[in-house]
Amino acid sequence: QVQLVESGGGLVQPGGSLRLSCAASGSISGIYDMNWYRQTPGKQRELVATMAADGSTKYADFVKGRFTISRDSTKSTWYLQMTSLKTEDTAVYYCKAENIDAQNRNGSYWGQGEQDTASS
């Protein structure tokens, strides 16, 4: 299995920045996608950003130019750097890893979620 532990959430003023971390452990050699989602009460969960195994990234339109996904392979940790935060960015953010094991079996694994609040 893959275990994902998130950290870095908190409260900032609009226009501020936060960096979320997603540390992976376990059988992680087969991770081929890392995704960041967010969930707001009363709204549907939405995909924020994705990084593939080759390092390529994709972003939702509402965060382009403000959020950046990155990774530190030596630490098996992915990051979501969030800048110019808006009140509408307030949500619980989740990382999700997609992986293939040695038997070519797919699996999806979720972090526990981190609250990001942008408010005056």
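No experiment lies behind these values; they were computed from the predicted model shown.

Bringing the side chain of R38 into the picture now. Residue placement: R38 occurs in strand β4 (residues 31–39). A polar contact is formed between the side chain of R38 and the side chain of D89, at a distance of 2.9 Å. A distance of 2.9 Å separates the side chain of R38 from the side chain of Y93, its partner in a polar contact. Setting aside residues no more than four positions away along its own chain, R38 makes contact with Q44, R45, E46, V48, F62, V63, F67, E88, D89, A91, V92 and Y93.

The full count for this structure, using the stated rule, is 1 disulfide. Shown here is the disulfide that connects C22 with C95, its sulfur atoms set 2.1 Å apart. Taking the torsion about the sulfur-sulfur bond, which here is approximately 75°, the covalent link between C22 and C95 counts as right-handed. Within this pair, whereas C22 is found in strand β3 (residues 18–26), its partner C95 is found in strand β9 (residues 91–100), the two being separated by 73 residues in sequence. An identical accessibility class is assigned to C22 and C95; each is buried.

Parameters at a glance
Residues numbered from 1 in each chain as written. Predicted model: local features only at pLDDT ≥ 70, side-chain atom pairs only at ≥ 80, totals over all residues. Heavy atoms only, no water. Helix = DSSP H or I, 4+ residues; strand = E, 2+ residues; numbered from the N terminus. Polar contact = N/O pair within 3.5 Å; in protein donor to acceptor, adjacent residues only side chain to side chain. Contact = heavy atoms within 4.5 Å. Disulfide = S-S within 2.5 Å. Buried < 20%, exposed > 50% of the residue type's maximum accessible area, 1.4 Å probe, protein only.

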